[in-house]
Amino acid sequence: MISKNDSIFQLAYKEYTSFDNIDDSRIKSDFKQEIAIQNEYLGREIYELIQNADDQEAERLIIELDIQSRQLSVKNDGEKPFTVDGFRSIMRAHDSSKTFEKLIGNKGLGFRSVLNWAESIIIHSFGVTCEFSQEIADYYWNKIKTAKKFPEQDVLKYERLAKKENRSCPIPILSIPKVSEYSSEEGKVSFAAEIYIKYKENEEIVNSIKTQLESLLTGNVILFLPHLKQIDVIIDGAAKTITKKHITTKNDWVSVISINDEEWLVGNREGFFQSNDIDSQYQISIAYKKGGINKESNYVYCFFPTKEKNPFNCVIHGTFMLDQSRNHILDDINNERNRVLKGFVADTMLDMAVFVSEYFDECNWEPLSIVYAKTHELYMITNAIYKKIGDYRIFPTINGKYISGKNAGFISNRFSDIFLRLRAEGLTFSEFDNMLIPLDKEIVLPLKTKYPESIVFSTEISNLSERLDSISANLPDLQYRVEIIKAIKELVDKGKLTFLESKPHLLIDTHGNVIKGKGYFYSNEKKAKNTFLY
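Residues numbered from 1 in each chain as written. Predicted model: local features only at pLDDT ≥ 70, side-chain atom pairs only at ≥ 80, totals over all residues. Heavy atoms only, no water.

A short note on the pairing of strand β12 (residues 299-302)
If a strand is regular, its side chains alternate between the two faces of the sheet. Pairing geometry for β12 and strand β13 (residues 304-309), over three bridges, is antiparallel. Counterpart to Y299 in the pairing with β13 is K309. A loop of one residue connects β12 with β13, the two strands running antiparallel in sequence, and F303 in this loop sits at a positive phi of about 70°. (Pairing = 2+ DSSP bridges. Helix = DSSP H or I, 4+ residues; strand = E, 2+ residues; numbered from the N terminus.)

Spelled out as structure tokens, the structure:
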């Protein structure tokens, strides 16, 4: 338990009054830092509140918006309530109690984002209640300037500085709280931490809170959090729940989880690598949902979504180095960690594509869709994938098996469709075992066109006649022969086939025997002009 008399709660006040000259104090620097962080984290307020709960090892989080009373409450059942260090990091932005390697972000920094909304903030945790507000900051500013007898021109200068930021005084709101003892009411559920935010009377703020809460309902936000298993979102009494359940683990690195009864495959890799002669810890996760995801709203995650667009058909999480706002990945050129991690991400995505090809019964283009990007975002990951993609068994063939791109062959969608229908009738031909299923125009054709240096698959027509001859006697009926001839003509018409080393023998006589050698074909008995030599 923490005492309300703990020295940490008056630390900032003592520091601010330890100087006779206001310019020598930390008031100005702390104020500017609070404003800067508040602005940088704009739009991430809910994420930062969720992050604090997960850092406290909470499994359940309750977020409730009461519009009538202008209050947002956040409660969690974590194992780790706020400690002295936890409160210190909230009150002093430069004193984070987190480390990069183990925790999600910097406690205290992100918490400042709620100042974009808050008129007052109350935290109940570990035996104390801390209240922060502009009114409390004003009280201490009046107390400080009176006690220190700062010159009037200096006081006015600092108050003008505050006024530019829509504040009434230069004391950082989160620097000095009003503190009292706290104990939960008998019979009520006890939480590790309860946060109550009285937000400003502003329609834009209400809409911002509602929008952020509604964005949680997709469930993606809980995908990569190590502790949270349930988030209850309550808006004016209407409750919705996001639940995460672990179903099983496959191959020691892929977890099958359920988010609100939707099955996800989440591949996790973690370890250490050398960065500037220091062992650096990393974590990477690739999440895939059968049928794909909405690429329009897909962003790279570092536990929570950043503003880095993700063009792939999967959700990417990595412990990247981000900018101060945690919205953007730091430039690869100047950041060795991020360069190395993006290479690891590419390898993990390719491995996940192989896993998906083995996990589901269908043989289709979904595994390849995981590693194909139609647009140019995350080009470093894209280029790393394309250098290796031809070696991976994620290319679907007409025989219902996946093979590597380097071993795959393709003639045309029409040919693939014909042989798929033959297979459905129980006929398979080893001569065409490596033939790909009809190409997905959104994936494979651009891939082949844009990146020919990656050996994705070959267009095999050089020995087409020979292979067709070897299967001709086993074709079930005349219709298939007609369709194959049409498919050949289509290739000729498109300029993809200019000659055949020998013409395939596809026609049959009245007895059903394949006709070999030269002869005549009459398409119309009554018109000699419709006579062709074959």
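Continuing now.
Regarding the side chain of R167
You can see R167 is positioned in the loop between α6 (152-164) and β5 (178-181). Overall, R167 belongs to the buried group, its relative accessible area being 9%. A polar contact is formed between the side chain of R167 and the side chain of E34, at a distance of 2.9 Å. Ignoring any residue separated from it by four or fewer positions in sequence, one finds R167 in contact with F31, E34, I35, Q38, L115, Q134, A162, P172 and I173. (Buried < 20%, exposed > 50% of the residue type's maximum accessible area, 1.4 Å probe, protein only. Polar contact = N/O pair within 3.5 Å; in protein donor to acceptor, adjacent residues only side chain to side chain. Contact = heavy atoms within 4.5 Å.)

Overview of the packing of helix α11 (residues 413-424) against helix α14 (residues 478-493)
Packing of α11 against α14 brings their axes to within 9 Å, and their N-to-C directions diverge by 160°. Classified by the angle their axes make, α11 and α14 are roughly antiparallel. Helix-helix and strand crossings are classified by hand; for α11 and α14 the assignment is left-handed. Here α11 contributes R414, F415, I418, R421 and L422 to the contact with α14, which in turn contributes Y480, E483, I484, K486, A487, I488, E490 and L491. Taken together, the residues that form the contact of α11 with α14 break down as eight nonpolar, no polar and five charged. (Axes fitted to C-alpha atoms, helices over the stretch in contact; angles between N-to-C directions. Parallel < 35°, antiparallel > 145°, perpendicular 65-115°, else oblique. Left-handed = near helix turned anticlockwise from the far one by under 90°. Nonpolar A, V, L, I, M, F, W, Y, C, P; charged D, E, K, R; others polar.)

Quick word on the pattern of salt bridges
Considering all chains together, one arrives at 22 salt bridges under this definition. The residue E48 makes a salt bridge to R44 at a minimum N-O spacing of 3.4 Å. The buried category is assigned to E48, whose relative accessible area is 2%. Judged by relative accessible area, R44 falls into the buried class, the value being 3%. With a shortest N-O distance of 2.9 Å, K406 and D391 are connected by a salt bridge. Here K406 is found in the loop between β16 (402-404) and β17 (409-410), whereas its partner D391 is found in the loop between α10 (379-386) and β15 (393-396), with 15 residues between them in sequence. Look at D391 and you get partly exposed, because its relative accessible area is 46%. Each of E15, R26, D30 and R92 takes part in one network of salt bridges that share partners. (Salt bridge = Lys/Arg side-chain N within 4 Å of Asp/Glu carboxyl O.)

Any link to function would need more than the numbers given here.
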